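Listed below are the residues making up each chain.
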Amino acid sequence: MRPLYLLGRAVFGGYFLYNGLNHALNREMMSQYAASKGVASPDAAVATSGAMLMAGGASILTGLKPRQGLAAIVAFLIPVSLQMHRFWEEQDPQRRMAERVNFMKNMALAGAALMMLELEEPWPVSVDEAKADDEEMFVRLGGRDLRALPA
């Protein structure tokens, strides 16, 4: 069962990581699209949503703080779907269908993320699982670990 779980986690997390990178790489075009949908501060919204997607996708892929990563995904999917994919307002049948498909896809992804919130932590084959119970993660820089630096 573990190979299927890891494959599913890679596909699910990779989907969000890819889309977050797409937000960063195509920020201008996505900002224009967001503006056309009535999003306030579209540049900031695209940057913020891209960061949420990348953080959530990376969290799912690595299993590092997965509840927080899944929460970021859900916090992205619900409001974005309600703002960007308002199929009920579209008059053109083709645009209505396209927006409905995107809305329903996002709702299905949100449902999957909500289900994954019920998985016990640490997840199998994850950064969190690899850490010993009493081990802290920190970065060593110039002979000092960053947790010891003054705030």
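Before reading on, note that the structure itself is shown above.
As the structure is a computational prediction, the values presented were derived from the model and not from experiment.

Quick notes on the rules
Residues numbered from 1 in each chain as written. Predicted model: local features only at pLDDT ≥ 70, side-chain atom pairs only at ≥ 80, totals over all residues. Heavy atoms only, no water. Helix = DSSP H or I, 4+ residues; strand = E, 2+ residues; numbered from the N terminus. Expected span 1.5 Å × (residues − 1). Buried < 20%, exposed > 50% of the residue type's maximum accessible area, 1.4 Å probe, protein only. Contact = heavy atoms within 4.5 Å. Axes fitted to C-alpha atoms, helices over the stretch in contact; angles between N-to-C directions. Parallel < 35°, antiparallel > 145°, perpendicular 65-115°, else oblique. Left-handed = near helix turned anticlockwise from the far one by under 90°. Nonpolar A, V, L, I, M, F, W, Y, C, P; charged D, E, K, R; others polar. Core = buried A, V, L, I, M, F, W, Y, C linked by side-chain atoms within 4.5 Å.

*Asks:* Any details on helix H5 (residues 93-116)? Residues and values, ideally.
*Replies:* Its 24 residues give H5 an end-to-end C-alpha distance of 34 Å, which sits within 8% of 34 Å, the value for a rise of 1.5 Å per residue. Among all positions of H5, only Glu-99, Phe-103, Asn-106, Leu-109, Ala-110, Ala-113 and Met-116 are buried. Those residues of H5 hidden inside the fold are in contact with helix H1 (2-25), helix H2 (27-36), helix H3 (42-62) and helix H4 (66-84).

*Asks:* Before we move on, could you go through unusual backbone geometry and cite the residues and values that matter?
*Replies:* A cis geometry characterises the amide bond from Glu-121 onward to Pro-122, with omega recorded as 0°. One can find Pro-122 in the loop between H5 and helix H6 (127-130). Phi at Ser-41 takes a positive value of approximately 50°, unusual for a residue other than glycine. By secondary structure assignment, the location of Ser-41 is in the loop between H2 and H3. The backbone of Val-125 shows a phi angle near 50°, a positive value even though the residue is not glycine. If you trace the backbone, Val-125 turns up in the loop between H5 and H6.

*Asks:* Please set out the packing of H1 against H5 residue by residue, giving values where relevant.
*Replies:* Between H1 and H5, the shortest axis-to-axis distance is 12 Å and the interhelical angle comes to 125°. Here H1 lies oblique to H5, going by the angle between them. Our pair here, H1 against H5, has a crossing hand that is left-handed. Two secondary-structure elements touch here, H1 through Phe-12, Tyr-15 and Phe-16 and H5 through Lys-105, Leu-109, Ala-112, Ala-113 and Met-116. Per-class residue counts for the contact of H1 with H5 are seven nonpolar, no polar and one charged.

*Asks:* Give me the nonpolar core: which residues, what numbers.
*Replies:* The nonpolar side chains of a soluble globular protein tend to be buried, and buried together. Within the largest apolar cluster, 14 residues are counted, with the highest numbers of intra-cluster contacts made by Phe-12, Phe-16, Ile-60, Leu-70, Ile-73 and Leu-77. Mapped by element, the contributors of at least two residues to this core are H1, H3, H4 and H5. The biggest single contributor to this core is H4, with five residues. Sequence-distant contacts of Ile-73, defined by excluding residues within four places in its chain, comprise Phe-16, Met-52, Leu-53, Gly-56, Gly-57, Ile-60 and Ala-113.

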